[in-house]
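Listed here are the chains, written in short residue letters.
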Amino acid sequence: FVGPCPETLTTFADKLAAKAEARAAELPVLEGALSASADSVTLAAMVRALALPVALKAVAGGGGRGIRIVTAEDGLEDLIASALREAESAFGRPELLVERFLERARHLEVQLLGDGSGRVVHLFDRECSLQRRHQKIIEEAPVAGLPEPTRAAIWAAACRLGERVRLRGLATVEFLFDGEDFFFLEVNPRLQVEHTVTEAVT
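Please read all numbers here as calculations on a predicted model, not as lab measurements.

K.L.:
Could you give an account of the side chain of His107, with specific residues and numbers?
P.N.:
With respect to the helices and strands, His107 occurs in strand 5 (residues 106-115). Given the relative accessible area of 11%, His107 is considered buried. Among the polar contacts made by the side chain of His107, one reaches the side chain of Gln131 at a distance of 2.8 Å. Non-local contacts of His107, meaning those with residues more than four positions away in its chain, are made with Arg126, Glu127, Cys128, Ser129, Gln131, Lys136, Glu174, Phe175, Leu176 and Leu185.

K.L.:
So, helix 2 (residues 15-24): which residues are in play, and what are the values?
P.N.:
Along an α-helix, a turn takes 3.6 residues, which lines up residues three or four apart on a common side. When helix 2 is considered as a whole, its buried residues turn out to be Lys15, Ala18, Lys19, Glu21 and Ala22. Burial along helix 2 is one-sided: seen end-on, the buried residues are contained in an arc of 160°. Those residues of helix 2 hidden inside the fold are in contact with helix 1 (6-12), strand 1 (32-37), strand 2 (54-58), strand 4 (96-100), helix 5 (148-164) and strand 9 (182-188). Put simply, Asp14 is the residue that caps the front of helix 2, since its side-chain oxygen is 2.9 Å from the backbone nitrogen of Leu16.

K.L.:
Summarise the sheet that holds strand 5; cite the residues concerned and give the values.
P.N.:
The 5 strands lie next to each other as 7-6-5-8-9, forming an open sheet whose pairing is antiparallel. The sheet is open, and its two borders are formed by strand 7 (135-140) and strand 9, each paired with just one other strand. The average angle at which neighbouring strand axes cross in this sheet is 35°, direction not considered. The pairing of strand 5 with strand 8 (residues 168-177) spans 10 bridges and is classified as antiparallel.

What counts and how
Residues numbered from 1 in each chain as written. Predicted model: local features only at pLDDT ≥ 70, side-chain atom pairs only at ≥ 80, totals over all residues. Heavy atoms only, no water. Helix = DSSP H or I, 4+ residues; strand = E, 2+ residues; numbered from the N terminus. Buried < 20%, exposed > 50% of the residue type's maximum accessible area, 1.4 Å probe, protein only. Polar contact = N/O pair within 3.5 Å; in protein donor to acceptor, adjacent residues only side chain to side chain. Contact = heavy atoms within 4.5 Å. Arc of directions from axis to C-beta. Pairing = 2+ DSSP bridges. Axes fitted to C-alpha atoms, helices over the stretch in contact; angles between N-to-C directions.

Structure, rendered in structure tokens:
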């Protein structure tokens with residue numbers, strides 16, 4: 001079998017577990033998302049504890065599904081109910097997490113290659129900020145207009161996380177970049193369709 005080990009797949013299939021690994025590897029993580037819930041009252045309290053806007057995300061989500069952006073308290077209960085229904089329907093798990101939402105962030109990602117024993121290299125970066133309904137439309141490599149110290153820091157952060165989980169095979173570590181800071185978003189521990197963009201520059 002060529003690919004990540006089952007433990008890696010299990011960890012990164014859960015957004016909360018992925019964020020816990022990122023924190024342990026000392027990656028910057030968005031405020032919020034220390035726990036998840038399927039209870040609407042608890043989720044509403046989590047939203048109110050953060051400054052708006054915030055994002056509701058399905059813990060088991062992917063492909064842009066199970067995401068709702070909260071910009072005001074009006075209609076909050078309906079948004080939560082809608083996100084819970086979609087999470088349950090699409091992924092079989094209704095749990096949501098709540099985190100700060102960056103309205104104008106760029107979506108960047110780093111391709112990793114690991115040997116399974118803790119040695120990891122990056123295969124540079126891609127940008128996938130052009131999206132519709134949280135789904136990627138256009139991928140570019142390398143990322144344009146990124147300050148070189150930030151690029152190096154993002155590469156290093158991605159590699160630290162890959163080393164921590166002893167990555168085997170290929171994986172993509174995704175980040176949000178708001179023009180000053182970058183934050184861990186998630187990991188896709190598999191070969192992605194976007195990998196062909198990386199192939200074109202490596």
